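Coordinate analysis (summary)
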Amino acid sequence: MTERDDQIQETSITDVFASFEGDVPASGRRSSPARLVRRYLPAVFAFLAVLLVWEGLTRLFGVESFVLSKPSEILNSFSETSGLIWGAGMRTLFEAAGGFVIGTSLAVATSLAAAHWVGFRQGVLPLAIVLNATPIAALAPIFNNWFGLTNPFSKMAVVAVVVYFPVMINTTRGLLEVDPAELELMRSLAASPSEVTRRIRIPRALPYFFSSLKVASVLSLIAAIIAEYFGGPQDVLGQYIVNRAQLFQFPDAWAAILVASILGVVFYLLILAAERWLMPWHVSFRTSE
Amino acid sequence: MSAPVVEARGLGKVFGTGEAETEALRGIDLEIAEGDFVSLIGPSGCGKSTLLRLIGDLVSPTTGTLVVNGKEPRQSRLDRDYGIVFQSATLLDWRSVQKNVELPLEIMDFPDAERPTRAREMLDLVQLAGFADHHPWQLSGGMQQRVAIARALAFRPALLLMDEPFGALDEMTREAMQQEVLRVWGETGTSVVFVTHSIPEAVFLSTRVVVMSPRPGRISDEIMVDLPPKRDLDTREDPRYFELVIEVREALRRGESGSSGS
């Protein structure tokens, strides 16, 4: 969440005063291109520096490709096999996204129930925490058996279970951690529990929910690839990586890993965009000049 | 004279049980007439906020009887007989100023067409008409508290409960807000129960000051404020105003020394 901290620091005292005078639109100002460049330039430099050092050291010490492939070899394979690895990437992403949607939906339903019924919360949450301690990837062979090795749903099920817990735990916490004064206000207005959930708890839980989605978006790809290692169709990233590594084609394996990480970043950024769109009012997105 | 808006007889409140038991209020007799502006003043722990919360049915009494607007406090709350303003404005960040004022109207199922009109009227009343589309965080503390007042009055309750509403504001803003509340009170005719620990604030605002003392919380004195109804900067320099401030201060001191200690 470092990008949020940056934004908070950038809000200067003059912005605060300007906003009192009412000349700042509620949605906040857009950053200018020059600012964006200045902000992301250090990250770009760091990224390039790592690649250069990596390339330099592997060349200097003559590191074999099967130990650590050179960035140049990886990029070469990345462009030569692009059709293959992006195709595999899309199928893996389909499993990851499917599992993400299923897991998140179940998690939100559980959270709403837990926020609404004290009994449910006391009964089910401890159980959920115990189950969460189970190494979930270990379930993959079992799900393969249940849903069929070639059925993408067996991978989605692993992803869904992995995604479920962080989203459920965080969302439940967000729904329950509400300012007591807000609850008192709603009580004074004789608001029903469902009104309180709709008008206070859900908006208050959104920041927790999105934090967990950001974690879950990355986890979902990890889980999908690990689930693929346990067998199934060959045209997916996990199996491709295993196969290329067995053939000692390590630059190919690395290129597939690069696809996986690009997909992970894109997934993460989509969540970030949805977050900004759904809660423009949140403190982390307020005016930064 | 019509029936009182608030009528308490022998009201008591005990929090906790056994070792942790605390007697917050004992033997409270209080009557608030329609149109009154009553301040509850006293040191911390005197139960003034608890008394306000009892009236609002945010906590329930342990002993005694309490009638609000001619009903059980619970029924009165369910009928939305009162609006409440807390020390923090408690505005919802994700709603514009206008939508914050509309919140009670939404909960009470006011017709869609009526809500914005009402909200705008209320924002006019607290002189924030130009800020309807702002978000709470873009307002100063005093402005936020004015939005909270507009929200509390949006459904025209018979009673306005205010729990140290200006406690977090600086002195200048505070005085401006006091003037504002008096104006709103004059225009709406709502009865007000106002919790404060500021003596000048209590005297300046009220028709009656109820002095409370701690351990256990009880009413130790009641002082009628016989200042002219129209109050402004001159009131703060009126000799009678100073006399009343001294009177309340002495009543507070008597209440403090009269309490059992412990």
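Residues numbered from 1 in each chain as written. Chains lettered and ligands numbered in written order. Predicted model: local features only at pLDDT ≥ 70, side-chain atom pairs only at ≥ 80, totals over all residues.

Here's the deal with the overall build of chain B
Threshold: Secondary structure elements are taken from DSSP: a helix is a run of H or I of four residues or more, a strand is a run of E of two residues or more, and numbering for both begins at the N terminus. The size measure is the radius of gyration over C-alpha atoms, and the globule rule it meets is 2.2 Å times the number of residues to the 0.38 power. Three exposure classes are used, based on other C-beta atoms lying within 10 Å of a residue's own C-beta, which is placed from the backbone: buried for 20 or more, exposed for 12 or fewer, and partly exposed in between. By the convention adopted here, residues make contact when the C-beta atoms placed from their backbones lie within 7 Å.
Summing up its helical and strand segments, chain B has eight helices and nine strands in all. Taking 262 residues into account, the globule formula puts the C-alpha radius of gyration at 18 Å, and chain B, at 18 Å, falls close to it. Scored against the burial criterion, the 262 residues of chain B give a buried share of 48%. Within chain B, contacts between residues at least 6 apart in sequence are counted, and of these 71% link residues at least 24 apart.

Notes on the nonpolar core
Put simply, the rule is: By convention in this section, buried Ala, Val, Leu, Ile, Met, Phe, Trp, Tyr and Cys residues joined through C-beta atoms within 7 Å make up a nonpolar core.
Residues Val147(B), Ala150(B), Leu161(B), Val193(B) and Val248(B) are the most contacted members of the largest nonpolar core, which totals 75 residues. It is helix α5 (residues 141-153) of chain B that provides the largest number of residues to this core, a total of seven residues. Those residues in contact with Ala150(B) that sit more than four places away from it in its chain are Val101(B), Met122(B), Leu123(B), Leu125(B), Val126(B) and Leu128(B). Among the nonpolar cores identified, the runner-up in size contains 53 residues, and Ala107(A), Phe165(A), Leu175(A) and Leu213(A) belong to it.

Topic: the confidence of the model for chain A
The condition is simple: A residue's pLDDT is the confidence the predictor assigns to it, expressed on a 0 to 100 scale.
Residue-level pLDDT values for chain A average 84, and 87% of them are 70 or greater. Below a pLDDT of 50 lies the segment residues 1-29 of chain A, which in the model reaches 30 contacts outside its immediate sequence neighbourhood of four places, other chains included.

A short note on the interface of chain A and chain B
The condition that has to hold: All amino acids are sorted into three groups, where Ala, Val, Leu, Ile, Met, Phe, Trp, Tyr, Cys and Pro are nonpolar, Asp, Glu, Lys and Arg are charged, and the leftover types, Gly among them, are polar.
Facing the 18 residues of chain A at the interface are 19 residues of chain B. Sorting the residues of the side of chain A that touches chain B by element identifies α2 (13-20), α9 (180-188) and α10 (193-229) of chain A as the ones contributing at least two each. Residues of the side of chain A that touches chain B, tallied by class, amount to 10 nonpolar, three polar and five charged.

So, the pairing of strand β3 (residues 37-41) of chain B
All names here are of chain B. Short version of the rule: The rule for pairing is simple: two strands pair if DSSP sees at least two bridges between them.
With respect to burial, β3 is a largely interior element, five of its five residues being buried. Along β3, one buried face is formed by Phe 37, Ser 39 and Ile 41 and the opposite face, lined by Val 38 and Leu 40, is buried too. Pairing analysis gives five bridges linking β3 to strand β7 (residues 191-196), with the strands arranged parallel. Along β7, the bridge assignment pairs Ser 39 with Phe 194.

Some thoughts on the sheet that holds strand β1 (residues 6-15) of chain B
Residue and element names in this part refer to chain B. For the record, the criterion: Fitting a line to C-alpha atoms yields each axis, with helices limited to the stretch in contact; the angle taken between N-to-C directions then spans 0 to 180 degrees.
Ordered by their spatial adjacency, three strands build an open sheet running β2-β1-β4, and the pairing between neighbours is antiparallel. Each of the sheet's edge strands pairs with one partner strand only, and the pair in question is β2 (22-32) and β4 (63-68). Pairs of neighbouring strands in the sheet enclose a mean axial angle of 25°, with direction left out of account. Here β1 runs beside β4; their pairing, made up of five bridges, is antiparallel. In the sheet register, Glu 7 faces β4, and the bridge partner there is Val 67.

What about the environment of Ile84(B)?
All names here are of chain B. Structurally, Ile 84 is set in strand β5 (residues 82-85). The class of Ile 84 is buried, set by 27 C-beta atoms lying within 10 Å. Along the backbone, Ile 84 and Thr 17 are 67 residues apart, and their C-alpha atoms lie at a distance of 29 Å.

Comments concerning α5(B)
In an α-helix, one turn spans 3.6 residues, which is why side chains three or four residues apart end up on the same side. Residues and elements named next belong to chain B. Operational definition: One less than the number of residues in a helix, times 1.5 Å, gives the span that helix is expected to have.
For α5, spanning 13 residues, the distance from its first C-alpha to its last is 19 Å, which sits close to the expected 18 Å at 1.5 Å a residue. A large share of α5 lies buried, amounting to 11 of its 13 residues. The complete set of buried residues in α5 reads Met 143, Gln 144, Gln 145, Arg 146, Val 147, Ala 148, Ile 149, Ala 150, Arg 151, Ala 152 and Leu 153. Those residues of α5 that are buried lie in contact with β5, α3 (97-107), α4 (114-125), β6 (159-163) and α6 (171-188).

Looking at the packing of helix α5 (residues 82-116) of chain A against helix α8 (residues 152-176) of chain A
Short version of the rule: Two helices cross in a left-handed way if the nearer one is turned anticlockwise from the farther one by less than a right angle. They cross in a right-handed way if the turn is clockwise.
Running from amino to carboxyl end, α5(A) crosses α8(A) at an angle of 35°, the nearest separation of the two axes being 6 Å. Seen along the crossing, α5(A) lies across α8(A) with a hand that is right-handed.

Focus on unusual backbone geometry
Residues apart from glycine generally show negative phi values, whereas peptide bonds are mostly found in trans. At the junction of Arg215(B) and Pro216(B), the peptide bond is cis and its omega measures out at -15° in the coordinates. You can see Pro216(B) is positioned in the loop between β8 (208-213) and β9 (218-224). A positive phi angle is found at Phe248(A), which is not glycine, with a value near 65°. The backbone of Gln127(B) shows a phi angle near 60°, a positive value even though the residue is not glycine.

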